[in-house]
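The chain contents come next:
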Amino acid sequence: MKKFFSSVVLLFCCFAGMYAAGDSISSADRLLNEANLLYLDGKYSKAVEKVNTVIDVYAESGDIPENVRLMGEAAYGAWLDEILKTGNYESFTLLSQSLKLHPFRVDGQIRKRIDQIYQLKQTDIRGRQNKAAGSLNNSAWMRYNQQLLDSTKLQSELLSAINGYRTFEEIRQEQESLKAERRSYIVQAAILVVGIVFLFGVFVLIILVLVNYVKRRKTAAHFAVMMNVVALLNRDHSEKHEDRDFPVLKSPEGSCRIKEICDIGQMQDFLDLEKECSSLGSRIDRVTGRKNNSRKVSELVYKMAEKFHVSEGTALVYFCSAMVYDAGFLSIGSRIFEAEHLTVKERYRIRDHVRQAQKYFDFVPEKFLPVFLDAAVYHHENLDGSGYMDGISDREIPPVARMIHTAESYISLINRRVYHSIMDRDSAICELKRRDGIYDPRTIEILEEIV
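Reading guide: rules and limits
Residues numbered from 1 in each chain as written. Predicted model: local features only at pLDDT ≥ 70, side-chain atom pairs only at ≥ 80, totals over all residues. Heavy atoms only, no water. 1 Å grid on protein atoms, 1.4 Å probe; cavity = no way out; pocket = protein on both sides within 12 Å on 5 of 7 lines; lining within 4 Å. Points joined across faces, edges and corners; volume = space filled by probe spheres on them. Nonpolar A, V, L, I, M, F, W, Y, C, P; charged D, E, K, R; others polar. Helix = DSSP H or I, 4+ residues; strand = E, 2+ residues; numbered from the N terminus. Buried < 20%, exposed > 50% of the residue type's maximum accessible area, 1.4 Å probe, protein only. Contact = heavy atoms within 4.5 Å. Axes fitted to C-alpha atoms, helices over the stretch in contact; angles between N-to-C directions. Parallel < 35°, antiparallel > 145°, perpendicular 65-115°, else oblique. Left-handed = near helix turned anticlockwise from the far one by under 90°. Expected span 1.5 Å × (residues − 1). Disulfide = S-S within 2.5 Å. Core = buried A, V, L, I, M, F, W, Y, C linked by side-chain atoms within 4.5 Å. pLDDT = per-residue confidence, 0-100.

### Some details on empty space enclosed by the protein
The probe, sized like a water molecule, is rolled over the atoms to show the empty space still left.
And then number 1: For the coordinates displayed, the defined rule picks out two cavities of 30 Å³ or more.
And then number 2: In this structure, the second largest cavity occupies an estimated 50 Å³ of space.
And then number 3: Around the second largest cavity sit Glu 381, Asn 382, Leu 383, Ile 397, Ala 401, Arg 402, His 405, Thr 406, Ile 438, Tyr 439 and Asp 440, which together line it.
And then number 4: Per-class residue counts for the lining of the second largest cavity are five nonpolar, three polar and three charged.

If you want it as structure tokens, here you go:
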């Protein structure tokens, strides 16, 4: 079908050329029609002979009509395709001689086919040459080497002919021009690569700056806590307003504990306590697979405590205890947190972590230990008494445990967990409010203000 349409186009070109010339059908036109019929019959070499005769008619003027050129390209192209299919190099020799004797302007497809045939022919010669080298047949190797040289020369001569009788120097200049153009492309590509690498470097730098900025923001709350500790050294230690349900921590003698620390010059002890809690909290996070959970919960608890107007000392101790409230998980190990399904025994073992925390609090000063135990033992107790381990309710639950319960659940909801996807801030707050009887409503109200 493709060949049929090509022939129709060629015939149309032929008739158009004759009509434009205003001449009757000449001998050249008849030969061109005969060439087209031979082409349709698949007799490509015969069609080429007819076309060559027509080309000779116009060769003296040097102006070969377009319809003749198109018929020549079709005939030569089909003949080359036949040679590529059959591998008949003798027929290709006849075609090459024909093109050199009757050259005309051809398209790139003709050149491409010629190059393919020469490559196949030269590959075959090289294969034979390699065999001769392997058998140490020097005379055969020399003969095949000469054949390669002759083939390259014939290829150059043929290309020179079909490019309009150009000299070898002209062909070389064109090749040099093409090489220069390729070099230009390579330079442009290199510049593009350098530009991309530069932009990538800038992008990486921006990412590093953003990461550093986020890290600074994350540590801002911790820095604020430490600044509050330092500020307490130069402040009057009069007690703040005391909420009945969120009391200032008292020593056995009844004085404010943060005042006691400052008065006896043990502020460094508190800073050491915070450092120990931070280290233990990081261990807990690694075991449970909750990245930065201890730091996030402790910062929320500290801010909540300030909103409840507890003393600065109480808020700071809450801050430290909220970093290590899940210390009991260290007695369980990471394997159980990686399991897809838990047995009833394993579930009870996880619940029992609230009673295992005390063994990790040997660094906690005795005067602060009750707060740390309140945080560890009671942070899973619910306001309606449905929690564990003791099932206490309402104001029986220590204030620090109520704050941790709310803060921990909020952090869990806004971070991906195995059992749920990420929620946004508003959805997480709504979810906490929806769980009536679980959390202290006042802690949710305060949380909503600070996040």
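### Let's talk about the environment of Ser 96
And then number 1: For Ser 96, the position within the fold is in helix 5 (residues 89-101).
And then number 2: For Ser 96, a relative accessible area of 7% corresponds to the buried category.
And then number 3: As for Ser 96 and Leu 154, which are separated by 58 residues in sequence, their C-alpha atoms are 8.6 Å apart.
And then number 4: Discounting residues that sit within four places of it in the chain, Ser 96 has contacts with Tyr 118 and Leu 158.

### Quick word on unusual backbone geometry
And then number 1: Put simply, Tyr 388 and Met 389 share a cis peptide bond, and its omega is 15°.
And then number 2: Locating Met 389 in the fold gives a position in the loop between helix 16 (369-378) and helix 17 (399-414).
And then number 3: The phi torsion at Asn 292 lies on the positive side, around 60°, for a residue other than glycine.
And then number 4: Among the secondary structure elements, Asn 292 is positioned in the loop between helix 10 (267-288) and helix 11 (293-307).
And then number 5: Under the relative-accessibility criterion, Asn 292 is labelled partly exposed at 32%.

### With respect to the packing of helix 4 (residues 66-86) against helix 5
And then number 1: Contact pair helix 4 / helix 5: the axes reach a minimum separation of 10 Å and the direction vectors enclose 155°. On the basis of the axis angle, helix 4 is roughly antiparallel to helix 5. For the crossing formed where helix 4 meets helix 5, the hand is left-handed. Listed contacts from helix 5 to Tyr 76, Trp 79, Leu 80 and Ile 83 of helix 4 are Ser 91, Phe 92, Leu 94, Leu 95, Ser 98 and Leu 99.

### A short note on helix 4
And then number 1: With 21 residues, helix 4 should cover 30 Å at 1.5 Å per step; its first-to-last C-alpha distance of 30 Å lies within 8% of that length.
And then number 2: Downstream of helix 4 by one or two residues, Gly 87 has phi in the positive range, about 70°.

### What about the state of the cysteines?
And then number 1: Tallying each qualifying case throughout the model produces zero disulfides.
And then number 2: Not engaged in a disulfide, the cysteine Cys 320 finds its nearest cysteine sulfur in Cys 277; these two sulfurs lie 4.5 Å apart.
And then number 3: When its relative accessible area of 0% is taken as the criterion, Cys 320 is described as buried.

### So, the nonpolar core
And then number 1: With 51 residues, the main nonpolar core has Phe 361 and Phe 372 as its most contacted residues.
And then number 2: Mapped onto this core, the elements with two or more residues apiece are helix 10, helix 11, helix 12 (312-321), helix 16, helix 17, helix 18 (425-434) and helix 19 (441-450).
And then number 3: Take this core: its biggest share by element is seven residues, from helix 17.
And then number 4: With near-sequence residues (within four places) excluded, Phe 361 lies in contact with Leu 280, Val 324, Ala 327, Leu 369, Phe 372, Leu 373 and Ala 376.
And then number 5: Residues Leu 38, Tyr 44, Val 68 and Leu 95 belong to the second largest nonpolar core, which totals 30 residues.

### As for the confidence of the model for the protein chain
Low-confidence regions, as indicated by low pLDDT, have predicted coordinates that should not be scrutinised in detail.
And then number 1: On average, residues of the protein chain score 78 in pLDDT, and 76% of them are at 70 or above.
And then number 2: Contacts for the low-pLDDT stretch residues 165-169, under 50 throughout, to residues beyond four places or in other chains number eight contacts.
And then number 3: This model gives residues 248-265 a pLDDT under 50, and the stretch forms 35 contacts once residues within four places in sequence are excluded.

### What about the environment of Phe 319?
And then number 1: Tracing the backbone shows Phe 319 in helix 12.
And then number 2: What makes Phe 319 buried here is its relative accessible area of 0%.
And then number 3: Residues Phe 319 and Val 301 lie 18 residues apart in sequence; the distance between their C-alpha atoms is 6.2 Å.

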